[in-house]
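# A structural walkthrough
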Amino acid sequence: MLVYKFGGTSLGTADRMKSVADLILSDPRQKIVVLSAVSGTTDNLIKLSNSDIQNGDILLQEMVKQYKDYVAGLLSNEACITSAKEFLGETFHSLRTALHQQKPNDEKWFVAFGEFISTSLFSFLLIERGVNSAYLPALDFMRSVEGEPDLGQISILLKNVLEAFEPKDVYVTQGYICRNENNQTDNLRRGGSDYTATIIGAVLKAEEIQIWTDIDGVHNNDPRIVQGTRAIEKLSYAEAAELAYFGAKILHPLCVRPAREAGVPIRLLNTLNPTATGTLIDKENPMSQGGAKAVAAKDGITAINIRSSHMLMAHGFLRKIFEVFEIHKTSVDMITTSEVAVSLTIDDDRNLENIVNDLKDYGTISVEKDQTIICVVGSFGKDEMAAAVKVLLPLQNIPIRMISSGGSASNISILINAKYKKDALEALNKGLFAIG
Ligand code: ADP
Ligand code: ASP
Ligand code: MG
């Protein structure tokens, strides 16, 4: 079994969806295809769930028109066109009814329709092409508990769902969406279709998970910010996990973990250039060269400094500090210590006020918002010469707030004010990856 995942841009137009069908059908191996919503639809549905009736109706009309044109470009078989139109009629009727009822807190219910629509239309296309396929509703097997996917339950449910069918060549399912412990529609957070794909690949011990997007693999720096970035042919799970967690948007922050634990390789490929090599994420290659491989940046970071002249190095002090973060369900990304102070960073500042209030028992607290973590990923083994020097040298003109090295052999992280992000990424590109 293979798992294929296609993102929103790969489905952005009817022609692109047809190319996706060509692509999966060119490989005869059995597969599960995980689809995101058509690009823009998730944003529209979030807007819709927060709209008043008047603006919501206008947005719905635009979406109805968009999908009417999409179906016209996608399908040619009359029976399939009729089924697709009926499906869209029912879908938009449900959305309109919910909008008019103005139910509170149902954003997650609304956004799920993005993936329902893309997978249904894709299934009609496969029927039109006579493919031996089946539609797997993700809400029948994707389960989360306390906001995180529950792989144990998913594994049992997915296997049951698959056993209900005669074997098919292609199974189609929704990325991103799941049901939580209260049986409500939930999701795996933005970009979560990557995570669905790696979870499915892991629980089924797939041969490979292929994530198809609009760029030819993981680049060595953020291509939205830096010019002249290059695709990386191979990354270890550890390197890819760090890059994803620290901001490389091409991968959901947590999606490498299930594949890594199950030992299933992930291949990143480009729907717009299917013959490009892409990036293979797999086990550590002991022969791979040391040094920096890629850089990513994570925005929206808050730095918290706790200064305490007498208590800091007393045993149990750090435990008390971390307990505060645990109580307020906030995870810490970076940490540095000195004799008189501890600095740490968080990316979720929803409970910042309470955290700061509780920390005041242990010292003087200062907070800096709008920080960015720059994460340099590669093989920085303990015998690697001057690894940190090579990373820091290009940043000599940028004020550095924190440095973290040695936590793992695959990551050196630096905290800077967000206003220096572009300069820092460009300087690192030049300093670490310039050819010649
Ligand atoms: P999809 O809709 O297929 O899930 P995304 O927009 O989530 O696609 O991810 C692909 C985009 O990620 C690329 O178009 C690129 O702009 C951006 N990106 C950010 N950092 C990187 C990186 N290091 N390598 C490749 N792409 C990156
Ligand atoms: N459609 C969802 C989003 O826009 C999930 C995904 O694209 O992976 O975030
Ligand atoms: Mg994505």
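Residues numbered from 1 in each chain as written. Chains lettered and ligands numbered in written order. Predicted model: local features only at pLDDT ≥ 70, side-chain atom pairs only at ≥ 80, totals over all residues. Heavy atoms only, no water.

Its place among the elements puts Arg-143 in the loop between β3 (133–136) and β4 (144–145). There is no salt bridge for the buried Arg-143, and the closest opposite charge comes from Asp-140, which lies 6.1 Å off by N-O distance. Other than its neighbours up to four places away in sequence, Arg-143 contacts Glu-148, Pro-149, Asp-150, Gln-153, Ile-154, Leu-157, Cys-178 and Arg-179. (Helix = DSSP H or I, 4+ residues; strand = E, 2+ residues; numbered from the N terminus. Buried < 20%, exposed > 50% of the residue type's maximum accessible area, 1.4 Å probe, protein only. Lys, Arg positive; Asp, Glu negative; His and termini not counted. Salt bridge = Lys/Arg side-chain N within 4 Å of Asp/Glu carboxyl O. Contact = heavy atoms within 4.5 Å.)

This part is about the site of ligand 2. Near ligand 2 the following residues occur: Ser-36, Ala-37, Thr-42, Glu-115, Tyr-176, Arg-190, Gly-191, Gly-192 and Ser-193. One of the side-chain N or O atoms of Ser-36 is found 3.4 Å from an oxygen atom in ligand 2. About the coverage of ligand 2: the protein hides 85% of its 260 Å² of free accessible area. In terms of residue class, the shell around ligand 2 is made up of two nonpolar, five polar and two charged. (Near = heavy atom within 4 Å. Polar contact = N/O pair within 3.5 Å; in protein donor to acceptor, adjacent residues only side chain to side chain. Areas by Shrake-Rupley, 256 points an atom, 1.4 Å probe, with all protein chains shown as cover. Nonpolar A, V, L, I, M, F, W, Y, C, P; charged D, E, K, R; others polar.)

Let's shift gears to the environment of Leu-139. Inspection of the secondary structure assignment puts Leu-139 in the loop between β3 and β4. In this structure the C-alpha to C-alpha distance between Leu-139 and Leu-74, which are 65 residues apart in sequence, comes to 26 Å. Setting aside residues up to four positions removed in sequence, Leu-139 forms contacts with Phe-116, Ile-177, Cys-178, Arg-179 and Thr-185.

Further remarks concern helix α8 (residues 237–245). Taking burial as the measure, the nine residues of α8 include eight buried ones, the bulk of the element. Those residues of α8 not exposed but buried are Tyr-237, Ala-238, Glu-239, Ala-240, Ala-241, Glu-242, Leu-243 and Ala-244. Trailing α8 by a residue or two, Gly-247 shows a phi angle of about 110°, which is positive.

This part is about the nonpolar core. Across soluble globular proteins, nonpolar side chains show a tendency to be buried alongside one another. Formed by 108 residues in total, the largest nonpolar core has its most connected members in Phe-6, Tyr-70, Leu-75, Leu-121, Phe-122, Phe-141 and Leu-251. Top element by residues in this core is helix α5 (residues 107–128). It accounts for ten residues. If near-sequence neighbours (up to four positions away) are discounted, Leu-251 is found in contact with Asp-194, Ile-211, Val-218, Ala-244, Val-256, Leu-268 and Ile-281. By size, the runner-up hydrophobic cluster in this structure holds 17 residues, among which are Ala-387, Val-391, Ile-414 and Ile-416. (Core = buried A, V, L, I, M, F, W, Y, C linked by side-chain atoms within 4.5 Å.)

On to the packing of helix α1 (residues 14–25) against helix α3 (residues 53–74). Put simply, α1 and α3 touch, their axes get as near as 8 Å, and they point 45° apart. Considered as vectors, α1 and α3 are oriented oblique to each other. Between α1 and α3 lies a crossing of right-handed hand. The segment α1 lies against α3, with Ala-14, Met-17 and Lys-18 engaging Tyr-70, Gly-73 and Leu-74. (Axes fitted to C-alpha atoms, helices over the stretch in contact; angles between N-to-C directions. Parallel < 35°, antiparallel > 145°, perpendicular 65-115°, else oblique. Left-handed = near helix turned anticlockwise from the far one by under 90°.)

Another aspect to go through is the sheet that holds strand β16 (residues 364–379). Here six strands make up an open sheet; going across it, the order is β14-β15-β13-β16-β18-β17 and the pairing antiparallel. Lying at the two open borders of the sheet, with one neighbouring strand each, are β14 (332–337) and β17 (402–408). Between one strand axis and the next, the sheet turns through 30° on average, direction left out of account. In this structure, strand β13 (residues 291–307) lies alongside β16, joined through 13 bridges in antiparallel fashion. When the bridges of β16 are listed, Ala-303 appears paired with Glu-368. Together, β13, β14, β16, β17 and β18 (411–417) form the strand contacts of α8, whose direction differs from that of β16 by roughly 145°. Across the sheet, helix α13 (residues 421–433) lies against β13, β16 and β18, angled at about 145° from β13, the strand it touches most. (Pairing = 2+ DSSP bridges.)

Below, the discussion takes up the site of ligand 1. Around ligand 1 sit 17 residues, and of these Lys-5, Thr-213, Asp-214, His-219 and Lys-249 come closest. Lys-5 has a polar side-chain atom sitting 3.1 Å from an oxygen atom of ligand 1. Taking His-219, its main chain carries an N or O atom lying 2.8 Å from a nitrogen atom of ligand 1.

Our next topic: the pairing of strand β1 (residues 2–6). Counted residue by residue, β1 has five buried out of five residues, so it is predominantly covered. Side-chain alternation along β1 places Leu-2, Tyr-4 and Phe-6 on one buried face and Val-3 and Lys-5 on a second face that is also buried. Examined bridge by bridge, β1 and strand β9 (residues 208–213) share five bridges and lie parallel to one another. Along β9, the bridge assignment pairs Leu-2 with Glu-208. Sheet topology places β1 next to strand β2 (residues 31–35); five bridges connect them, and they run parallel. Its bridge partner lying in β2, Leu-2 is registered against Lys-31. In terms of handedness, the path from β1 via α1 over to β2 forms a crossover that is right-handed. (Right-handed = clockwise from strand over helix to strand, strands pointing away.)

Read across the open sheet, the eight strands follow the order β3-β6-β2-β1-β9-β11-β12-β10; overall the sheet is mixed. Strand pairing shows two members of the sheet lacking a second neighbour, β3 and β10 (234–236), which therefore form its edges. In this sheet, adjacent strand axes meet at a mean angle of 20° when their direction is disregarded. Those strands touched by α1 are β1, β2, β6 (170–174) and β9, and its axis lies near 165° from that of β1.

Attention shifts here to the pattern of salt bridges. As enumerated under the stated definition, the model contains 20 salt bridges in all. Taking the shortest distance from any N to any O, the salt bridge between Asp-15 and Lys-18 comes out at 3.8 Å. Of this pair, Asp-15 and Lys-18 both sit in helix α1, three residues apart, which is roughly one turn of that helix. Between Asp-222 and Arg-224 there is a salt bridge, with the nearest N and O atoms lying 2.7 Å from each other. Accessibility expressed as a relative area gives 11% for Asp-222, which makes it buried.

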